[in-house]
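# A look at the structure
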Amino acid sequence: MTKPATAVPPHLALPVVELVAADGARCTIAQQGAHVLSWTPAGGAERLFLSQKAEYAAGVAIRGGIPVIFPQFAGEGPMPKHGFARTAQWKFERIEQAEDGAGIAHFSLTHEQATHALWPHHYAATLTVRVGGERLAVTLGVRNTGPKSFSFTAALHTYLRVSDIALVQVMGLDGLSYRDTADGGALKTAGLGPVEISGEVDRIYLNAPSPLVLREQGGDLHVHSEGFADAVVWNPGAVKGAALADLDAGGYARFLCIESAAIGKPVKLAAGARWTGTQTLVAR
Ligand SMILES: O=P(O)(O)OC[C@H]1O[C@@H](O)[C@H](O)[C@@H](O)[C@@H]1O
């Protein structure tokens, strides 16, 4: 059963929507940012990381869950880092229950709700979250509702919970070209075999395949992407992690971000055109 929850859990100061599928899979989404905070597959345990020191305040980015990055990834343009969608007031449209029992929540954002002087375009964005069984699917849609074409970059900045970052492996990145943000954006080529994390990792893998597989003690997690060409892998490591005021002590060791993203080739939308990108997490 799905239910809209306008009630605020005691630890949150923001309105959230609770989605519960017929099989017990569930997720919690903050209306601000249309930000998934929590996901538990049916019969399973929490699979997203949410910092205990995350801030829940109007206009403040939340550390953990799935921040929606639009219309600018990181510093890839003139806007503030990661654009405005993650802190914008999205509209909660509705929830529904699919025939297979999955819970679905719909959110929307337009230029009338949130825009920026540096990005003066007319758009209608949607964020759809579908939870059920072992899956969580998040779809970002963007329509150009103005008279001129525009370009954007975007990502679903997913904080995947891990037991110990030192034991994690990511499979599927073999031989890809990547921009190493931790090394001044140098273009490099990935080696063969799983990627392991032994310090700061901040990479944009270009034209990444789907799925990527996160292997860790809690079980495998498959990250499927459609519409997003690239994949970001990010962990701040111990030193930069300790400098993040909204990350709990040692928190860097308990997540890895794998982000379905459109960065290398910004998405260009002609007047009236629409784009969608979906990231589906499958817990194994
Ligand atoms: O601290 P923020 O603004 O949420 O950003 C976190 C990280 O997000 C990642 O996607 C970027 O690749 C990193 O460079 C960045 O540090």
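Residues numbered from 1 in each chain as written. Predicted model: local features only at pLDDT ≥ 70, side-chain atom pairs only at ≥ 80, totals over all residues.

As annotated in an unreviewed UniProt entry, the protein chain carries the name Putative glucose-6-phosphate 1-epimerase and is attributed to Derxia gummosa DSM 723. In the Catalytic activity (unreviewed entry) part of its UniProt record, the protein chain is described as follows: "alpha-D-glucose 6-phosphate = beta-D-glucose 6-phosphate". Per UniProt, the comment on the protein chain under Sequence similarities (unreviewed entry) is "Belongs to the glucose-6-phosphate 1-epimerase family." (UniProt positions renumbered as here; feature names shortened; annotations may be inferred.)

### Digging into the confidence of the model for the protein chain
As a note on interpretation, predicted positions should not be read in detail where pLDDT is low. On average, residues of the protein chain score 95 in pLDDT, and 96% of them are at 70 or above. Put simply, strand E1 (residues 16-20) is where the protein chain has its lowest mean pLDDT, 96, and strand E8 (residues 135-144) is where it has its highest, 99. Ignoring residues within four places in sequence, the model shows residues 1-8, a span with pLDDT below 50, making 20 contacts including any to other chains. Both scores are available for the predicted complex, with the pTM at 0.96 and the ipTM at 0.98. (pLDDT = per-residue confidence, 0-100. Helix = DSSP H or I, 4+ residues; strand = E, 2+ residues; numbered from the N terminus. Contact = placed C-beta atoms within 7 Å.)

### Some thoughts on the site of the ligand
Near the ligand, the surroundings consist of Ala61, Ala74, Lys81, His82, His157, Thr181, Asp202, Val232, Trp234 and Glu259. A per-class count over the shell around the ligand returns 4 nonpolar, 3 polar and 3 charged. (Near = placed C-beta within 6 Å. Nonpolar A, V, L, I, M, F, W, Y, C, P; charged D, E, K, R; others polar.)

### Section: the sheet that holds strand E9 (residues 150-161)
Within the open sheet, the 7 strands sit side by side as E4-E9-E18-E17-E14-E11-E12. Their pairing is antiparallel. Each of the sheet's edge strands pairs with one partner strand only, and the pair in question is strand E4 (68-69) and strand E12 (186-189). The sheet contact formed by strand E14 (residues 201-205) and strand E17 (residues 230-235) spans 5 bridges and is antiparallel. Pairing of Tyr205 across the sheet is with Ala231, part of E17. (Pairing = 2+ DSSP bridges.)

### Considering the UniProt feature "active site" (unreviewed entry) in the protein chain
In the UniProt entry, the feature "active site" (unreviewed entry) is given for His157 and Glu259. On the basis of their most widely separated C-alpha atoms, the annotated residues across 103 residues gather in one place, lying no more than 4.7 Å apart. Mapping His157 onto the fold places it in strand E9. Given 24 C-beta atoms within a 10 Å radius, His157 is considered buried. In contact with His157, other than residues within four places in its own chain, are Ile66, Pro67, Ile69, Cys257 and Glu259. With respect to the helices and strands, the residue Glu259 is situated in strand E18 (residues 255-269). C-beta crowding within 10 Å serves as the criterion here: with 27 such atoms nearby, Glu259 is assigned to the buried category. (Buried ≥ 20, exposed ≤ 12 C-beta atoms within 10 Å, placed from the backbone.)

### Things to note about the environment of Pro194
On the secondary structure map, Pro194 appears in the loop between E12 and strand E13 (195-196). What makes Pro194 partly exposed here is the crowd of 14 C-beta atoms within 10 Å. Note: C-alpha distance between Pro194 and Gly172 (22 residues apart in sequence) is 7.3 Å. Sequence-distant contacts of Pro194, that is, excluding residues within four places in its chain, are made with Gln169, Val170 and Met171.

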